[in-house]
There are 8 protein chains.
Amino acid sequence: MKVGVVMGSDSDFPVVVKALDILKAFGVKVTVRVLSAHRTPKEALAFAMGASQEGIEVMIAAAGKSAHLPGVMAAMTTVPVIGLPIMSSTLDGLDSLLSIVQMPKGIPVATVAINGGENAGILAVQILSVKYPELGEAMKQYRDQMQLEVLEKDESMVQKTRDYR
Amino acid sequence: MKVGVVMGSDSDFPVVVKALDILKAFGVKVTVRVLSAHRTPKEALAFAMGASQEGIEVMIAAAGKSAHLPGVMAAMTTVPVIGLPIMSSTLDGLDSLLSIVQMPKGIPVATVAINGGENAGILAVQILSVKYPELGEAMKQYRDQMQLEVLEKDESMVQKTRDYR
Amino acid sequence: MKVGVVMGSDSDFPVVVKALDILKAFGVKVTVRVLSAHRTPKEALAFAMGASQEGIEVMIAAAGKSAHLPGVMAAMTTVPVIGLPIMSSTLDGLDSLLSIVQMPKGIPVATVAINGGENAGILAVQILSVKYPELGEAMKQYRDQMQLEVLEKDESMVQKTRDYR
Amino acid sequence: MKVGVVMGSDSDFPVVVKALDILKAFGVKVTVRVLSAHRTPKEALAFAMGASQEGIEVMIAAAGKSAHLPGVMAAMTTVPVIGLPIMSSTLDGLDSLLSIVQMPKGIPVATVAINGGENAGILAVQILSVKYPELGEAMKQYRDQMQLEVLEKDESMVQKTRDYR
Amino acid sequence: MKVGVVMGSDSDFPVVVKALDILKAFGVKVTVRVLSAHRTPKEALAFAMGASQEGIEVMIAAAGKSAHLPGVMAAMTTVPVIGLPIMSSTLDGLDSLLSIVQMPKGIPVATVAINGGENAGILAVQILSVKYPELGEAMKQYRDQMQLEVLEKDESMVQKTRDYR
Amino acid sequence: MKVGVVMGSDSDFPVVVKALDILKAFGVKVTVRVLSAHRTPKEALAFAMGASQEGIEVMIAAAGKSAHLPGVMAAMTTVPVIGLPIMSSTLDGLDSLLSIVQMPKGIPVATVAINGGENAGILAVQILSVKYPELGEAMKQYRDQMQLEVLEKDESMVQKTRDYR
Amino acid sequence: MKVGVVMGSDSDFPVVVKALDILKAFGVKVTVRVLSAHRTPKEALAFAMGASQEGIEVMIAAAGKSAHLPGVMAAMTTVPVIGLPIMSSTLDGLDSLLSIVQMPKGIPVATVAINGGENAGILAVQILSVKYPELGEAMKQYRDQMQLEVLEKDESMVQKTRDYR
Amino acid sequence: MKVGVVMGSDSDFPVVVKALDILKAFGVKVTVRVLSAHRTPKEALAFAMGASQEGIEVMIAAAGKSAHLPGVMAAMTTVPVIGLPIMSSTLDGLDSLLSIVQMPKGIPVATVAINGGENAGILAVQILSVKYPELGEAMKQYRDQMQLEVLEKDESMVQKTRDYR
């Protein structure tokens, strides 16, 4: 089981690495590439078209501003493509979000929150778990762990706010 | 292979039915429900929690305004949840989109375009195709068909604009 | 008289504590919890459903991004729920605001300004004062105090700008 | 138990009447006024200041565009004020929403969705129910009724979509 | 000739002082007040209603968020009111701008740019110059001065970019 | 006393005529022109530069989309310029509003609400009333009339909603 | 001299034809195609890459929603590409505009107004006129004509508003 | 071959210089000016009107807020004008973008991304290359260079993420 992870610029890495860490924690292999829909279009298309062949079963594509990379990937493969909008220096990420999510009829991109690196990784795992039930089990444990962390914070909060009770 | 399709209100049906038609065309079975995160929260939760048991492998959740249904579904199952934002009478769908896509760390919703019924269906098929390769093949044919339609329109356009050549 | 205060993440505390300080100043007891509509949905629901039983008469729910917590709380109790939108790192709080305020017909959330911690507390006191007239009296004094502070600032300003007269 | 209902213009009535119908259904009396923060400021202030005296325990204020009426009401009474943003012919209601919800520190307005007439009425009933438990009971029944309606729609939907199963 | 300058909070002063400096440079007297439409409504109204009597011929009102102060002033006087939207910590000033500029039919507020302190002052001078021609003359000189400054910057730029010619 | 009224396109007339009717009602003469900052820039500039000479004491400039006309007028005269943003077929008037109101330091435009024809006229009258006190008196009467109309609507509303009392 | 005109869907034709009519009026030949960055990516790329060879000197690309076509064209040719954002059924064209204009460093798209078909055509002519001075002359005449039309409207307006003088 | 580069304020220089550096790299001469549509309108018009005479074949105009400079330039010359929106301290550049791109029918401005200095320069080169084929060749090499840089980053990324493979 393998996920293809592409980003439009290496400056997107700090967000993308959160997805990589999730995938690693679930034992999912990745191929990570810097590919630009505009500056290296041929390489981008080649990667998308060969993805399935290469054993890639889900793709994550991160991009900012006029974020065309996820849509361009999605157009060249039938592997599900997760779009990860990156906030750039202007417009607070709204441009990236709309460029990725508002795909026309026929070619969807599964969009997650602006800068939502972890969620891109988690969604990839959930999609893979349709085929690999062990990932579904692992995801349940991951959620239990998340829950425990929130419950601990809940308990701390109850302590911390004792004086207000 | 089965997809659970839920909508927050039966007024969302004209958009949702486009997803159903796609799923039917690909031979994917569906369970369709009207469930409200706010008005029938218990039924909504029960459906989400039992989804996997019931054989549902992907879920589509459509909702408008403060569109909580997709996120609430996603919180109660590890099955991937596709969020379909419905444009309501105010704010042009921006509220629905942001309520669905901006999910916090840990629980992603795979969001498609506002009123993007077809794309919700197509994305569901693509996710299922990770497990069922025959769906991937069918999707390639579907794309070929789409391509043919665009090519025909292209040809018509070339004819139609002859006088401008 | 007691107010239930829940937040989606302990990182919301710096905003929420302003509500707590207001409530403390008015002698209103609170129960403060970290509950996530998405990561600890069962605890969240249990809290909402038991709130009235536990003596809670008004609830404040703070959340950011796809801020579902206030709506989910409101769906499980008839106690009035005040929604407090938290500004997150993208979109300047607009996502939180729309997710909370645009509730569908049937389940309202009484929404205050983005990051409006004090106003969430004050609104809770005003709602309680419908039943407890002494809180209404205290609120009048609080307003008189606020007014005095503005009047003092007014006077300082008159001094400070003497050279422009 | 009485609710004061004010609107900035009689053209807001089609939205406001939805609140009135809710209030009537719950047996809550109302005083309904057309008062403008800008065109009849003195009458508006007089009404707000006398509200409590007149037995009004909650207020609903509807307004569009630069929607100052709810805030101006809230400034002159400690009775909780529900703000109902009205969509006008430009900007899709965003101006009304922001003008009402973004109140500065000290004077909150309990804001509901744009054009959310029913929810303004329901929130008023919920606030009153803090004092009048019978309203809380009635609200539970109202919710049960809403739930039944959704469940019926759910059942119809299951029927209607049989061919997709 | 006198201008009344009011602000909703003394934290608006750094923007407002730019208007004061303009007015001083033109020899226009001012009365500067901190008045809140919400926290000191009576003082605000009293000031607006007495403005004309006090010799005030134009008013500048600065406010942020749900910026009601300019509209409330405008409702209580027929003196022209200039609205100065202040950017607050959320929503980048859009809330302040819409709250001030979208006034309903009958009561206009002459709105300038977000945080546009200087322009509020200049507009006040231009309005006064309808009556006091000497101010119009002075404004022409002020513009000539501005023009000179831009021309100097233009010349510097030509120098600075010599290597690109 | 005379007001110059310019619009960027004769399609703006239905909004602009509301200003004309106000001005006529107050006995203020007008010069009305269709002038485009982009298509007839020389005529636009000539009109602005000659305005004062021609006896124009206030200007109203209406424009939509990239609404440069008010700013361009304001740059060529020291007469106060009122900007009237016209809603066009896209973006709901937000483009017109921002293009007019966000003027840089030095050249203000007194902006009114999107499509706020009446208010542009009323603001012009208020500005003229700084010089012509009789207009201020007339404006007070106009307001009294407006107030009467609201009061009548208020009374009708009280009647109309009797059954809800 | 030839312009390549591509649109993402034949439903964009009513806007695109305005560009064609302009180009025809200036005697510029066109090649018009329906090409989708997502549904017929290979044809789209082939057209872009062969454009220069085929004698195309400027390109116009129209698209809506996640409008990737102009950027994808621009990435595959060094011929200047004019982006024409089409308003779709949601978000009022803002998604199309941002997807087209916010191109990352390296690959610009010369963006015109939402639904600005004529301007796309005019800009193409202006770009060609850098090489073909006769087009620049024709453009000056076109402008003179536009100017005459505005001047006529101006004159009509002066007549039409005589009663307001 | 020469490009005229104008900016509304010398504070725009850090963005504009990126265009200058591109133009220099391609051996294109420039004339750089600080010209304000509002503060030095006559100089701005004179420059636009004389541009063609002076040998300027393309113009770049940078401006922020109510960014009228590009449109005003475009109105006075038939040379193609590239609009470069500058992000100012409020509204994240949305005001600049809309003021520049939403030009009315007849006078287009070729708009690039907010703060997109490089792209303004590159677009100018692309437009000039319609006439000067050597620039088109140089642009192809520039793209090859960009491509190489992305490919190197791609390779580094593959290395950097080895542990995730």
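Residues numbered from 1 in each chain as written. Chains lettered and ligands numbered in written order. Predicted model: local features only at pLDDT ≥ 70, side-chain atom pairs only at ≥ 80, totals over all residues. Heavy atoms only, no water.

Turning our eyes to something else, we now look at the overall build of chain A. The number of helices and strands found in chain A is 6 helices and 5 strands. Reading the secondary structure of chain A in the N-to-C direction produces β-α-β-α-β-α-β-α-β-α-α. Taking the principal axes of its C-alpha atoms as reference, chain A extends roughly 60 × 40 × 30 Å. A total of 165 residues make up chain A; the buried ones form 68% of that total. In chain A, of all internal contacts separated by at least 6 residues, the share reaching a separation of at least 24 is 66%. Of the roughly 5100 Å² of accessible surface on chain A, a fraction of 50% belongs to carbon and sulfur atoms. Between the mean site of the 16 positive side-chain charges and the mean site of the 17 negative ones, chain A shows a separation of 4 Å. (Helix = DSSP H or I, 4+ residues; strand = E, 2+ residues; numbered from the N terminus. Buried < 20%, exposed > 50% of the residue type's maximum accessible area, 1.4 Å probe, protein only. Contact = heavy atoms within 4.5 Å. Areas by Shrake-Rupley, 256 points an atom, 1.4 Å probe, with all protein chains shown as cover. Lys, Arg positive; Asp, Glu negative; His and termini not counted. Charge placed at Lys NZ, Arg CZ, Asp CG, Glu CD.)

Attention now goes to helix α1 (residues 13-25) of chain A. Here α1(A) contains 13 residues, and its C-alpha end-to-end distance of 18 Å stays within 8% of the 18 Å for a straight helix at 1.5 Å per residue. Inspection of α1(A) places Phe13(A), Val15(A), Val16(A), Val17(A), Ala19(A), Leu20(A), Ile22(A) and Leu23(A) among the buried residues, and these make up the whole buried set. (Expected span 1.5 Å × (residues − 1).)

When chain G is fitted to chain F, the residual RMSD is 0.0 Å, and the transformation amounts to a turn of 90° plus an axial shift of 0.0 Å. The superposition of one copy onto the other is thereby described by a four-fold rotation axis. In terms of C-alpha distance to the rotation axis, chain G has Asp92(G) as its closest residue, with the C-alpha 5.4 Å off the axis. Counting the interface residues of chain G, we find that no more than 5% of their copies in chain F are interface residues as well, pointing to two distinct contact surfaces. (Least-squares fit on C-alpha atoms with pLDDT ≥ 70 in both.)

To continue, consider the side chain of Arg39(E). Turning to its location among the elements, Arg39(E) is positioned in the loop between β2 (29-34) and α2 (41-50). At 7.2 Å, Glu149(C) is the nearest oppositely charged side chain to Arg39(E), a buried residue that forms no salt bridge. Within the structure, the side chain of Arg39(E) is placed 3.3 Å from the backbone oxygen of Lys105(D), a separation counted as a polar contact. Once residues lying within four places of it in the same chain are set aside, the contact partners of Arg39(E) are Met146(C), Gln147(C), Val150(C), Pro104(D), Lys105(D), Ile107(D) and Gly8(E). (Salt bridge = Lys/Arg side-chain N within 4 Å of Asp/Glu carboxyl O. Polar contact = N/O pair within 3.5 Å; in protein donor to acceptor, adjacent residues only side chain to side chain.)

Taken together, the contact between chain D and chain C spans 39 residues of the former and 40 residues of the latter. Taken over both partners, the interface formed by chain D and chain C buries close to 3200 Å², and the fraction arising from carbon and sulfur atoms is 62%. Three residues, Thr78(D), Pro108(D) and Val130(D), lead the burial of chain D against chain C; their summed loss comes to 21% of the area buried on that side. Linking chain D with chain C are 1 salt bridge, by the criterion used here. At the boundary of chain D with chain C, the tally comes to 19 residue pairs in polar contact (both at pLDDT 80 or more). Going through the elements one at a time, α3 (69-75), α4 (94-101), β5 (110-111), α5 (117-131) and α6 (133-160) of chain D are the ones with two or more residues in the side of chain D that touches chain C. (Buried area = accessible area lost by both parts, 1.4 Å probe.)

Let us now look at the relation of the copies chain D and chain C. Relative to chain C, chain D is turned by 180° and slid 0.0 Å along the rotation axis, the superposed coordinates differing by an RMSD of 0.0 Å. The superposition of one copy onto the other is thereby described by a two-fold rotation axis. Comparing contact sets, 100% of the residues at the interface of chain D also lie at the interface in chain C, consistent with an isologous, same-surface contact.

Looking only at helix α2 (residues 41-51) of chain A, the buried set comprises Pro41(A), Ala44(A), Leu45(A), Phe47(A), Ala48(A) and Ala51(A). Buried residues of α2(A), viewed axially, fall in a sector of 160°; they line one side. Where α2(A) is buried, its residues meet β1 (2-7), β2 (29-34), β3 (56-64) and α3 (69-76) of chain A together with α2 (41-51) and α3 (69-75) of chain G. (Arc of directions from axis to C-beta.)

Moving on, we get to the interface of chain G and chain F. With 19 residues of chain G in contact, the opposing surface of chain F contributes 24 residues. Where chain G abuts chain F, roughly 2000 Å² becomes buried across the two surfaces, and 64% of that area is made up of carbon and sulfur atoms. In terms of surface lost to chain F, no three residues of chain G exceed Met157(G), Tyr164(G) and Arg165(G), which account for 34% of the buried area on that side. Counting across the chain G and chain F interface gives 2 salt bridges. The salt bridge partner of Lys153(G) is Asp10(F), with a shortest N-O separation of 4.0 Å. The interface formed by chain G and chain F includes 7 residue pairs in polar contact (both at pLDDT 80 or more). With 9 residues, helix α6 (residues 133-160) of chain G is the single largest residue contributor to the side of chain G that touches chain F. A class-by-class count of the residues in the side of chain G that touches chain F yields 10 nonpolar, 3 polar and 6 charged. (Nonpolar A, V, L, I, M, F, W, Y, C, P; charged D, E, K, R; others polar.)

Our focus in this paragraph is the packing of aromatic side chains. Enumeration over the complete set of coordinates arrives at 8 aromatic pairs over all chains. Here the aromatic rings of Phe26(E) and Tyr142(E) are separated by 5.4 Å at their centres, their planes lie at 55°, and the arrangement is tilted. One end of the pair, Phe26(E), is in the loop between α1 (13-25) and β2; the other, Tyr142(E), is in helix α6 (residues 133-160), with 116 residues separating them in the sequence. Sitting over the ring of Tyr164(F), Lys24(D) keeps its end group 5.2 Å from the ring centre. (Phe/Tyr/Trp six-rings, centres within 6.5 Å; stacked < 30°, edge-to-face > 60°. Lys NZ or Arg CZ within 6 Å of the ring centre and 35° of its normal.)

Residue and element names in this part refer to chain A. Here chain A is described as being made up of domain 1 (2-131) and domain 2 (133-165). Distance between the C-alpha centres of domain 1 and domain 2: 29 Å. Residue-level contacts link 9 residues of domain 1 with 7 residues of domain 2. Of the roughly 710 Å² buried between domain 1 and domain 2 on both sides combined, carbon and sulfur atoms contribute 78%. On the domain 1 side of the contact with domain 2, Phe26, Ile122 and Ser129 bury the most area, a combined 59% of that side's loss. On the surface where domain 1 and domain 2 come into contact, there are 0 salt bridges. The interface formed by domain 1 and domain 2 contains 0 residue pairs in polar contact (both at pLDDT 80 or more). Taken together, the residues of the side of domain 1 that touches domain 2 break down into 6 nonpolar, 2 polar and 1 charged. (Domains from an automatic or database assignment.)

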